[in-house]
Amino acid sequence: MTTTDWDLAGTFQTRFPHTFNSLQKLVMAMADYEKNRGKKTLFGKDKGLNAYKKFEDVLRDTLLAMVVDGAVARNVGAKECRETLTEMIGAFAEVFPNWQDAYSFAENYFIHNAETAEARIQQMLAQ
């Protein structure tokens, strides 16, 4: 059974407070998208679309949080930003290992489809 490492969580939060808080929201948004992908409401509305929009909003906030915490520079390239974000998600996964559906989505989105993720990150950084 995997459990939360609260000592590591405290260290992570102290070092990157804004990123830590934003990653909590990002992980939940990724898990929500995984859960709702391909599903529709009783009235036919796409649940996955709303969940994906939420994911993108939280991703944008997470990128800005990484800038505020000094994890990346404001003018960083999309590739370096994606790599740093992937490392941050990996570190967060060590602290909170119970969100496997979210981490599998992150692996697929940020690693297996790196070019697409970098293009989207580039658009978010330019805003």
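Residues numbered from 1 in each chain as written. Predicted model: local features only at pLDDT ≥ 70, side-chain atom pairs only at ≥ 80, totals over all residues. Heavy atoms only, no water.

Some points on the overall build of the chain
No. 1: Within the chain one finds six helices and zero strands.
No. 2: When the helices and strands of the chain are listed from N to C terminus, the series reads α-α-α-α-α-α.
No. 3: Here the C-alpha atoms of the chain give a radius of gyration of 15 Å, agreeing with the 14 Å that 2.2 N^0.38 yields for 127 residues.
No. 4: Structurally, the chain occupies a C-alpha span of about 45 × 40 × 25 Å along its principal axes.
No. 5: The buried share of the chain, reckoned over its 127 residues, is 40%.
No. 6: Long-range contacts, defined here as pairs at least 24 residues apart, represent 69% of the contacts in the chain between residues at least 6 apart.
No. 7: Surface summary for the chain: the accessible area is close to 7,400 Å², and the carbon and sulfur share equals 52%.
No. 8: On the chain, the mean spot of the 15 positive side-chain charges and the mean spot of the 17 negative ones are 10 Å from each other. (Helix = DSSP H or I, 4+ residues; strand = E, 2+ residues; numbered from the N terminus. Rg over C-alpha atoms; globule rule 2.2 N^0.38 Å. Buried < 20%, exposed > 50% of the residue type's maximum accessible area, 1.4 Å probe, protein only. Contact = heavy atoms within 4.5 Å. Areas by Shrake-Rupley, 256 points an atom, 1.4 Å probe, with all protein chains shown as cover. Lys, Arg positive; Asp, Glu negative; His and termini not counted. Charge placed at Lys NZ, Arg CZ, Asp CG, Glu CD.)

Topic: helix α2 (residues 17-36)
No. 1: The end-to-end C-alpha distance of α2, which contains 20 residues, comes to 29 Å, matching closely the 28 Å that a straight helix rising 1.5 Å per residue would cover.
No. 2: Of the residues making up α2, those classed as buried are T19, F20, S22, L23, L26, V27, A29, M30, A31, Y33 and N36.
No. 3: Those residues of α2 that are buried are in contact with α1 (6-15), α3 (47-68), α4 (78-95) and α5 (100-112).
No. 4: Positive backbone phi, at 80 degrees, marks G38, one or two positions downstream of α2. (Expected span 1.5 Å × (residues − 1).)

Details of the pattern of salt bridges
A side chain with one charge may pair with a side chain of the opposite charge, provided their charged atoms come close.
No. 1: All chains considered together, the criterion is met by five salt bridges.
No. 2: A salt bridge links R37 to E34; its shortest N-O distance comes to 2.1 Å.
No. 3: R37 sits in the partly exposed class, given a relative accessible area of 43%.
No. 4: In this structure, the salt-bridge partner of D57 is R60, at a minimum N-O distance of 3.5 Å. Here D57 pairs with R60, and both are found in helix α3, just three residues apart, close to one helical turn.
No. 5: A residue is classified by how much of its surface remains accessible, and D57, at 41% relative accessible area, is partly exposed.
No. 6: A residue is classified by how much of its surface remains accessible, and R60, at 22% relative accessible area, is partly exposed. (Salt bridge = Lys/Arg side-chain N within 4 Å of Asp/Glu carboxyl O.)

So, the nonpolar core
No. 1: Core analysis: the largest hydrophobic core is formed by 37 residues, its most contacted members being L26, M30, F55, L59, L85 and F110.
No. 2: Mapped onto this core, the elements with two or more residues apiece are α1, α2, α3, α4, α5 and α6 (114-126).
No. 3: Counting residues per element, this core draws most heavily on α2, which supplies eight residues.
No. 4: When near neighbours in sequence (up to four residues on either side) are disregarded, L26 contacts F55, V58, L59, T62, L85 and I89. (Core = buried A, V, L, I, M, F, W, Y, C linked by side-chain atoms within 4.5 Å.)

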